[in-house]
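Inside the fold
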Amino acid sequence: MFKSKYFLAGFFPFLNHMMLTVAELIIRYGFDTPRSKGFMISIFGRILDDPELLEYSKSKIKGEFKESFRSKFMYYRDLFGFDFCYEKVKNKIHNYPLDFLNYSTAKETFNAILKSCSDFDDAGRLQVTCTESSSSWNMHIFSILCKAKGDFHPDVYSDFGKLLTTSSTVESATIPQAMQDVANQIVKDVGSKVFSSMELQGEKFSKPLLCGHKFQQFLKKHGHRCLKELDVRSITWGMDPKLLVKLLQNLVSANKGEAKEEDCSTNRIISQLRVPLTFMSKCLLRIVVPQCHRAVRGREAGKIFSRGSICGSFLVPAGGIWKFKEQVS
């Protein structure tokens, strides 16, 4: 399937960007099928409807696609075992020896760095495997809902989105809530108006407040993250905590009090879906949805390891904790 006469197919680098051939990608599970539509949503966030693209994609299919036993085995192996190497990759990155720093000349150091470029391939491989598995589990959820409804009804898309936003155990999903918790504590300890008018100086909070402790704990856990974090040129919150404080100041100014916790269990969400589910469909969703959330956790972990291995955010201590000083008018 992934054959192209003149260009590479699938994912490939081009001019410092990661490119993909959409036509070959969207027909890997057939054309205009629930699995292919679910795959589109998991990759692109919507079903692609460009007539020329779909016509070209359809022309790429020659006969009925049949999977080999080997491809099926590898698919289900990655589908259920995508994160089995998580601890191995984590330990490898966190305990990586910086041997290239032991050389005395720039030439020797450069050669040592070149020879170690492939040491973190496992991190990138983990991210790709988890990302593909996440897309596959999303596709299975969409297929179950579509089959239960009988067609591609708007309720299918609505319920699909609701099921994908139920997980609070994914690191990327906990960051906004953790930031809001820090902002709420700042409002209690300092006050929103006072904090919004503060500037950063020094290396610690001016007062030993609880918000300072929460700020340090947040940086310790999420200091490797930032806006546009996959760009190796981006400055992380650990490198420059001022970037995080600016976000907190915006949160504090828009603070509306602590939000009430809601029951986001899978069973409760399934009971609120609009699509009429059979007993078998509900059982399948109870199995598939947790796996989907697990895949997202693996994808986020792979992204963290990939960026950390490239930028060295695991190899270099995070930046210090800053203190706030009131502006003097």
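How each quantity is defined
- Residues numbered from 1 in each chain as written.
- Predicted model: local features only at pLDDT ≥ 70, side-chain atom pairs only at ≥ 80, totals over all residues.
- Heavy atoms only, no water.
- Helix = DSSP H or I, 4+ residues; strand = E, 2+ residues; numbered from the N terminus.
- Contact = heavy atoms within 4.5 Å.
- Areas by Shrake-Rupley, 256 points an atom, 1.4 Å probe, with all protein chains shown as cover.
- Salt bridge = Lys/Arg side-chain N within 4 Å of Asp/Glu carboxyl O.
- Buried < 20%, exposed > 50% of the residue type's maximum accessible area, 1.4 Å probe, protein only.
- Axes fitted to C-alpha atoms, helices over the stretch in contact; angles between N-to-C directions.
- Left-handed = near helix turned anticlockwise from the far one by under 90°.
- Nonpolar A, V, L, I, M, F, W, Y, C, P; charged D, E, K, R; others polar.
- Parallel < 35°, antiparallel > 145°, perpendicular 65-115°, else oblique.
- Expected span 1.5 Å × (residues − 1).
- 1 Å grid on protein atoms, 1.4 Å probe; cavity = no way out; pocket = protein on both sides within 12 Å on 5 of 7 lines; lining within 4 Å.
- Points joined across faces, edges and corners; volume = space filled by probe spheres on them.
- Phe/Tyr/Trp six-rings, centres within 6.5 Å; stacked < 30°, edge-to-face > 60°.
- Lys NZ or Arg CZ within 6 Å of the ring centre and 35° of its normal.
- pLDDT = per-residue confidence, 0-100.

Under the annotation held in an unreviewed UniProt entry, the protein carries the name Putative phosphoenolpyruvate synthase and is attributed to Trichonephila inaurata madagascariensis.

Take the overall build of the protein next. Helix and strand counts for the protein come out as 14 helices and 4 strands. Contacts in the protein between residues at least 24 apart in sequence constitute 72% of all its contacts with a sequence separation of at least 6. Surface accessibility of the protein: about 20600 Å² in total, with carbon and sulfur atoms responsible for 56%.

Moving on to the pattern of salt bridges. For the structure on display, the rule yields 6 salt bridges. Arg294 is paired through a salt bridge with Asp83; the nearest N and O atoms lie 2.5 Å apart. Separated by 211 residues along the polypeptide, Arg294 in helix α14 (residues 279-311) and Asp83 in the loop between α4 (69-81) and α5 (86-94) bring together distant segments of the chain. Taking the shortest distance from any N to any O, the salt bridge between Lys92 and Asp122 comes out at 3.4 Å. You can see Lys92 sitting in helix α5 and its partner Asp122 sitting in helix α7 (residues 121-149), a full 30 residues away along the chain. For Lys92, a relative accessible area of 37% gives the class partly exposed. Linked by salt bridges that have partners in common, Lys92, Asp122 and Arg125 make up one network.

Before going further, it helps to spend a moment on the packing of α7 against helix α8 (residues 154-164). At their nearest, the axes of α7 and α8 sit 10 Å apart, and the two run at 145° to each other. Between α7 and α8 lies a crossing whose hand is right-handed. Side by side, α7 and α8 meet where Asn138, Ile141, Phe142, Leu145, Cys146 and Lys149 of the first sit next to Asp155, Val156, Tyr157, Asp159, Phe160, Leu163 and Leu164 of the second. Looking at the contact of α7 with α8, its residues break down into 9 nonpolar, 1 polar and 3 charged.

With their axes 9 Å apart at the nearest point, α4 and α7 run at an angle of 95° to one another. On the basis of their axis angle, the class for α4 and α7 is roughly perpendicular. Each of Tyr75, Asp78, Leu79 and Phe80 in α4 lies in contact with α7, whose residues at this interface are Thr129, Ser133, Ser136, Trp137, Met139 and His140.

Taking 1.5 Å of rise per residue, 29 residues should cover 42 Å, and α7 covers 42 Å from first to last C-alpha, within 8% of that figure. One or two steps after α7, the chain reaches Gly150, where phi turns positive at roughly 100°.

All right, on to empty space enclosed by the protein then. Scanning the entire structure with this criterion turns up 1 cavity of 30 Å³ or more. What the largest cavity holds in volume is close to 40 Å³. As for the largest cavity, its lining consists of His224, Arg225, Glu229, Lys303, Ile304 and Arg307. Broken down by class, the residue content of the lining of the largest cavity amounts to 1 nonpolar, 1 polar and 4 charged.

Inspection of the entire model under this criterion finds 6 aromatic pairs. The interplanar angle of 85° and the centroid separation of 5.4 Å between the aromatic rings of Phe80 and Trp137 together place this pair among those described as edge-to-face. Of this pair, Phe80 sits in helix α4 while Trp137 sits in helix α7, and the two are 57 residues apart along the sequence. With relative accessibility at 44%, the residue Phe80 sits in the partly exposed group. One aromatic cluster in this structure is built from Phe142, Tyr157 and Phe160. Across from the ring centre of Phe82, 4.4 Å away, lies the NZ or CZ of Arg294, which sits over that ring.

The subject of this paragraph is the confidence of the model for the protein. The predicted model of the protein has a mean per-residue pLDDT of 75, with 76% of residues at 70 or higher. Put simply, strand β4 (residues 323-326) is where the protein has its lowest mean pLDDT, 32, and helix α6 (residues 106-115) is where it has its highest, 87.

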